[in-house]
Amino acid sequence: MKIQKKHFILAALVLALGTAVYINWQFSDTSSNTTSKELGAASYVNATVSETEASTSDEAVQTVALSKDQEDYFAAERTKRTNTQDEIIEQANKIFDLESSSDEEISEA
């Protein structure tokens, strides 16, 4: 009796799994015939030379513009850092030069 129950449950699970796979296949199969722009799609693999060169030159221009912006940013930050360091060194030198500076102020400087 237990063997019949196990076989019935196994058959029901296999039938449910088969039904789910069939329904999934029916819903996903309809979109495979359309031409969509996906990475690795045949339209990208069989692209003409002019399209490939155009996209490469556009990417190069964007890369150059981005790196120019980055260079400007880093140059500005470097200038700010240098100015700040110069001000701190100048203040420390003023404290060292003053005779009325306490030992604590000198140690902080």
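Residues numbered from 1 in each chain as written. Predicted model: local features only at pLDDT ≥ 70, side-chain atom pairs only at ≥ 80, totals over all residues. Heavy atoms only, no water.

### Quick look at the overall build of the protein
Now for step 1: Across its full length, the protein carries four helices and zero strands.
Now for step 2: When the helices and strands of the protein are read in sequence order from the N terminus, they spell out α-α-α-α.
Now for step 3: Of the roughly 10,300 Å² that the protein leaves accessible, carbon and sulfur atoms contribute 59%. (Helix = DSSP H or I, 4+ residues; strand = E, 2+ residues; numbered from the N terminus. Areas by Shrake-Rupley, 256 points an atom, 1.4 Å probe, with all protein chains shown as cover.)

### A word on the packing of aromatic side chains
Now for step 1: Going through the model one piece at a time under the given rule, you end up with two aromatic pairs.
Now for step 2: Here Y73 and F74 contribute two aromatic rings whose centre-to-centre distance is 5.4 Å and whose plane-to-plane angle is 65°, an arrangement assigned as edge-to-face.
Now for step 3: Classification of Y73 as partly exposed rests on a relative accessible area of 48%. (Phe/Tyr/Trp six-rings, centres within 6.5 Å; stacked < 30°, edge-to-face > 60°. Buried < 20%, exposed > 50% of the residue type's maximum accessible area, 1.4 Å probe, protein only.)

### Focus: the pattern of salt bridges
Now for step 1: Scanning all chains against the criterion turns up two salt bridges.
Now for step 2: As a salt-bridge pair, K80 and E77 come within 3.2 Å of each other at their nearest N and O atoms. In this pair, K80 and E77 both sit in helix α3 (residues 49-97), three residues apart, roughly one turn of the helix.
Now for step 3: Taking the shortest distance from any N to any O, the salt bridge between E90 and K94 comes out at 3.8 Å. Of this pair, E90 and K94 both sit in helix α3, four residues apart, which is roughly one turn of the helix. (Salt bridge = Lys/Arg side-chain N within 4 Å of Asp/Glu carboxyl O.)

### Re a negative patch on the surface
Now for step 1: On the surface, D103, E104, E105 and E108 cluster together into a patch of negative charge.
Now for step 2: In this structure, E105 sits in helix α4 (residues 103-108).
Now for step 3: Residue classification places E105 among the partly exposed positions, given a relative accessible area of 41%. (Patch = residues over 30% accessible without salt bridge, like charges linked within 9 Å, V, L, I, M, F, W, Y side chains within 5 Å. Lys, Arg positive; Asp, Glu negative; His and termini not counted. Charge placed at Lys NZ, Arg CZ, Asp CG, Glu CD.)

### Things to note about the confidence of the model for the protein
Now for step 1: The predicted model of the protein averages 76 in pLDDT, with 62% of residues at 70 or higher.
Now for step 2: Helix α1 (residues 2-29) holds the highest mean pLDDT among the elements of the protein, 91, whereas helix α2 (residues 42-45) holds the lowest, 54. (pLDDT = per-residue confidence, 0-100.)

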